[in-house]
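The primary structure of each chain is shown beneath.
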Amino acid sequence: EPEVTQTPSHQVTQMGQEVILRCVPISNHLYFYWYRQILGQKVEFLVSFYNNEISEKSEIFDDQFSVERPDGSNFTLKIRSTKLEDSAMYFCASSEVGPGLADYNEQFFGPGTRLTVL
Amino acid sequence: DAKTTQPNSMESNEEEPVHLPCNHSTISGTDYIHWYRQLPSQGPEYVIHGLTSNVNNRMASLAIAEDRKSSTLILHRATLRDAAVYYCILRDPFYNQGGKLIFGQGTELSVKP
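Residues numbered from 1 in each chain as written. Chains lettered and ligands numbered in written order. Predicted model: local features only at pLDDT ≥ 70, side-chain atom pairs only at ≥ 80, totals over all residues. Heavy atoms only, no water.

### Comments concerning the overall build of chain A
So, step 1. Scanning chain A from terminus to terminus reveals 0 helices and 11 strands.
So, step 2. When the elements of chain A are put in sequence order from the N terminus, they spell out β-β-β-β-β-β-β-β-β-β-β.
So, step 3. Taking 13 Å as the expected radius of gyration for a compact globule of 118 residues, we find that chain A reaches 14 Å, a close match to that expectation.
So, step 4. With the C-alpha coordinates aligned to their principal axes, the bounding extent of chain A is approximately 40 × 30 × 30 Å.
So, step 5. Summarising the internal contacts of chain A: among those between residues at least 6 apart in sequence, 56% fall at separations of at least 24.
So, step 6. When the accessible surface of chain A is split by element, carbon and sulfur atoms take 47% of a total near 5900 Å².
So, step 7. Treating the 9 positive side-chain charges of chain A as one cloud and the 16 negative ones as another, the clouds have centres 7 Å apart. (Helix = DSSP H or I, 4+ residues; strand = E, 2+ residues; numbered from the N terminus. Rg over C-alpha atoms; globule rule 2.2 N^0.38 Å. Contact = heavy atoms within 4.5 Å. Areas by Shrake-Rupley, 256 points an atom, 1.4 Å probe, with all protein chains shown as cover. Lys, Arg positive; Asp, Glu negative; His and termini not counted. Charge placed at Lys NZ, Arg CZ, Asp CG, Glu CD.)

So, in C-alpha cells, the structure goes:
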C-alpha cells in the first residue's frame, strides 16, 4: 500500500540553525500539507500546498518557515532559524482530491520527524 | 469550521464494541464529519467520514444523529491495536479551500485485554 515517507525520523539542531524536513508524498497525490504536534499537545495545521504554491497557512507559519516541491517527488519544510519552541513532531500529509472539489479529502499522514532544538 | 466536543478519555475491553461520541451542535449544513485516529508515536490516520447518512467501512461505522448535532464512531470489536486518540473533525469543503484539518484534543481510547 502506498504511503507517505518522511526523513529524517529525528533531527537534533542548535537554536538558530536552519533545518530542512523532507517528505515524499504518495505519487499520484496533488495536495500537500505540513502539521506539527508539540509534545502532549494538539496536532496543528501549518500549511497546505497545491500547484506549486501555498494554498493556506496558519499564524504559526511565519517568515521563518518555507515549503518547496523541488522535484516531482519531494516536499520540504524549511525552518530558517530554529527556536526552542520549534521543537515538535512535524507531520507531512498528502491527498489525492482537492479540498474544494468534493467532500472526500482523505489525508494520508507520514510517520513524522521529531525535531529537537537545543 | 465548527467546533466539536469529545470526552477526554474512554476505556474498553478487548473484543467488545466501542461507541465514541462527538458533539457538534454548531455544525453547518455543508460540514462533513471526519474521524481520524492517532496511534501511539504515529501520524494521524483517516478512519471514516460522512455527511448525513450512517456510513460503514472496514475500520468502523459512523452513526450521525438526525439533526446532525452529534455523531458516534463505532468500533465493532475493539482490539489492542485500536488504542489511540480519536479525533472528530468537521470540514466544510466549500469554505475550507486550503483543506486543512483542525484537530481538537480528541478522545484517548484505552483497550484492556
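### Details of the nonpolar core
So, step 1. A:Trp34, A:Leu46, A:Phe61, A:Val67, A:Phe75, A:Leu77 and A:Tyr90 are the most contacted members of the largest nonpolar core, which totals 22 residues.
So, step 2. Looking at this core, the elements that each hand over two or more residues are strand S3 (19-24), strand S4 (31-37), strand S5 (43-50), strand S7 (65-68), strand S8 (75-79), strand S9 (88-95) and strand S11 (113-117) of chain A.
So, step 3. Ranked by size, the runner-up nonpolar core spans 21 residues in total, among them B:Leu62, B:Ile64, B:Tyr86 and B:Leu90. (Core = buried A, V, L, I, M, F, W, Y, C linked by side-chain atoms within 4.5 Å. Buried < 20%, exposed > 50% of the residue type's maximum accessible area, 1.4 Å probe, protein only.)

### A closer look at the pairing of S5(A)
All names here are of chain A.
So, step 1. In terms of burial, S5 is a largely internal element, 6 of the 8 residues being buried.
So, step 2. Relative to S5, S4 runs antiparallel, the two being bridged by 7 bridges. Across the sheet, residue Arg36 finds its bridge partner in S5, namely Glu44.
So, step 3. Here S5 hands over to strand S6 (residues 53-57) after 2 residues, with Asn51 in that stretch at a positive phi of 55 degrees. (Pairing = 2+ DSSP bridges.)

### Things to note about the pattern of salt bridges
Opposite charge on two side chains permits pairing when their charged atoms draw close.
So, step 1. The final tally for this structure, using the stated rule, is 6 salt bridges over all chains.
So, step 2. We note a salt bridge from A:Arg36 to A:Glu44, for which the minimum N-O separation is 3.2 Å.
So, step 3. In this structure A:Glu44 comes out as partly exposed when scored by relative accessible area, which is 24%.
So, step 4. Residues joined in a network through salt bridges with shared partners are B:Arg37, B:Glu45 and B:Asp82. (Salt bridge = Lys/Arg side-chain N within 4 Å of Asp/Glu carboxyl O.)

### A few points about the pairing of S6(A)
So, step 1. Examined bridge by bridge, S5(A) and S6(A) share 4 bridges and lie antiparallel to one another. Within the sheet, the bridge partner assigned to A:Val47 lies in S6(A) and is A:Lys57.

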